[in-house]
Amino acid sequence: MASDTVCRTVRQYNKNPISVEDMKKLQEIAEDYRKVKLYVYQRYGGIGSLSKLYPGYTVQNEMTDSGLRAELGLPSVYFYLAMFDALGDIKGQWTRTKTKLLRLIGQNDNLSGDEKHYLRFLLKVNNAFTAVLNQEDIVLPKEMQGKYLELAAKVDAEKMHRYLCRQVRKYHVSNLVQGKTGQAESCTGFAISERAYRYGDEGGRKKRPDGQGKSADRCYGIYISTKENRKRIFVPLTDRNQYKSQLYIRLFPQEARIEISATIDVSVRSHEDYTNQTGLAMGVFTMLTTHEGHVYGEKLGEYQREYADWVREQTGNYNRNKTHNPGRKKYQAKKKRYEERLHSYINHELNRFLQTEKPRQLYIVKLPGAQSGGVNRKINHSVSMWQRGVYSETFGTKV
């Protein structure tokens, strides 16, 4: 049964530039948040910690006893969010590894049906999978143990275990260091729970700089906890919206600003007159083509080509003049304008498609994954900037 709500990400922005002092306090939190995540990746990302990942209480207890939080002086509200953030990444990496191995096993013609069945069982039963990788005896609950022994009797179990271990070593990112250390090296932001922030007006009224006239109106914004006990910094916001969920604070120190991301549940709109079945093909230069030949987003290629040509030109200029380049502020501002114009056009055409075709069911061809670029850099730039993620968000699926 379809859900009545969908999850969306909304964003808030600071109204005034963040002071250097306040930005430094936020960066200290982000830096410690990064250190905690990196510690968890390195300590619990390997094979030996598989048995501790589910449900995760063992990791939580060990992290509490590690003394890392006291060493960093990081409030618990940030410490445990960073820990579970990293733990979620580790679990996700293992899920991706298992999914890949299931696909490879199914495509391997050298394996018999019984061998494939046995390997799939090991991959889907976490305790069995953990035991095989750690070269331990497989001990499962009574009913499941009987099923395991039945499957193991039909194959060379030791051979299958060696095969599975080889595949994991080949495809799994060991300790997540290769896959996640690079991300953790930059302290761009941190998650924050409701215990560590509150919305409200700034305490007291602001006086005019010249000391004359009436005091200014109070600013509305968000109070964010810092590493200092009972100390919060106040950030004026551009809107008066309030959220009661976990937020993510992304820092932009060079621009003296932050971006706050929050997830909300939005009611699904129901259109009784949307009854058609529509097949869709998506293109890089022509956005959408239906099975009846109706076309939407004919100018997408023009917008995208102009954007890609500009980026390629700016990249070349920047690389040639690195030593004398004053910065990238103007570049980032214009790049953002190009993207906003492109997204505005895409959203307009998507709305036009929905209002015209009135689809109840969509049939979309799954597109190939990312591939290495060809010899033509002009084409590479254009394809790499294809906004396929906007389609995925609209249709609620990977395309």
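Glancing now at the overall build of the chain. What the chain contains, in helices and strands, is 13 helices and 11 strands. The burial tally for the chain puts 39% of its 399 residues in the buried class. The long-range fraction of contacts in the chain, counting pairs at least 24 apart against all pairs at least 6 apart in sequence, stands at 68%. Surface accessibility of the chain: about 24,500 Å² in total, with carbon and sulfur atoms responsible for 47%.

The next subject is the packing of aromatic side chains. Taken as a whole and judged by the stated rule, the model has 13 aromatic pairs. Their ring planes at 85° and their centres at 5.5 Å tell us that Tyr-78 and Phe-190 sit as a pair that is edge-to-face. Of this pair, Tyr-78 sits in helix H4 (residues 76–107) while Phe-190 sits in strand S2 (residues 189–192), and the two are 112 residues apart along the sequence. Both rings, one in Tyr-118 and one in Tyr-148, keep their centres 5.9 Å apart while their planes meet at 35°; by these two values the pair is tilted. Residue Tyr-118 is located in helix H5 (residues 113–124), and its partner Tyr-148 is located in helix H7 (residues 142–152); the two are separated by 30 residues in the primary sequence. Just above the ring of Tyr-223 sits the side chain of Arg-198; from NZ or CZ to the centre is 4.0 Å. Of note, Arg-257 hangs over the ring of Phe-252, and the distance from its end group to the ring centre comes to 3.9 Å.

With respect to burial, strand S4 (residues 220–225) is a largely interior element, 6 of its 6 residues being buried. For strand S3 (residues 197–201) and S4, the ladder comprises 5 bridges, and the chain directions are antiparallel. Bridging from a neighbouring strand, Asp-201 pairs with Tyr-220 of S4. Sheet analysis places S4 next to strand S5 (residues 232–236), joined by 5 bridges and oriented antiparallel. Considered in S5, the bridge of Ile-224 is made with Ile-233. Following S4, the chain reverses through 6 residues before pairing antiparallel with S5; Arg-230 in that reversal takes a positive phi of roughly 60°.

Here helix H10 (residues 300–320) spans 30 Å end to end across 21 residues, near enough to the 30 Å set by a 1.5 Å rise per residue. When H10 is considered as a whole, its buried residues turn out to be Leu-300, Gly-301, Gln-304, Tyr-307, Ala-308, Trp-310, Val-311 and Gly-316.

Turning next to the confidence of the model for the chain. Confidence in the prediction for the chain averages 84 pLDDT; 82% of positions are at 70 or higher. The model gives residues 204–216 a pLDDT under 50, and that stretch makes 12 contacts with residues more than four places away or in other chains.

The next subject is the sheet that holds S5. Spatially, 3 strands are ordered S3-S4-S5 in an open sheet, and the strand pairing comes out antiparallel. Here the strands that pair on one side only, and so sit at the sheet edges, are S3 and S5. Direction aside, the axes of adjacent strands within the sheet are offset by 30° on average. Sitting on the sheet, helix H1 (residues 20–44) is in contact with S4 and S5, with an inclination near 115° to S5.

Parameters and conventions
Residues numbered from 1 in each chain as written. Predicted model: local features only at pLDDT ≥ 70, side-chain atom pairs only at ≥ 80, totals over all residues. Heavy atoms only, no water. Helix = DSSP H or I, 4+ residues; strand = E, 2+ residues; numbered from the N terminus. Buried < 20%, exposed > 50% of the residue type's maximum accessible area, 1.4 Å probe, protein only. Contact = heavy atoms within 4.5 Å. Areas by Shrake-Rupley, 256 points an atom, 1.4 Å probe, with all protein chains shown as cover. Phe/Tyr/Trp six-rings, centres within 6.5 Å; stacked < 30°, edge-to-face > 60°. Lys NZ or Arg CZ within 6 Å of the ring centre and 35° of its normal. Pairing = 2+ DSSP bridges. Expected span 1.5 Å × (residues − 1). pLDDT = per-residue confidence, 0-100. Axes fitted to C-alpha atoms, helices over the stretch in contact; angles between N-to-C directions.

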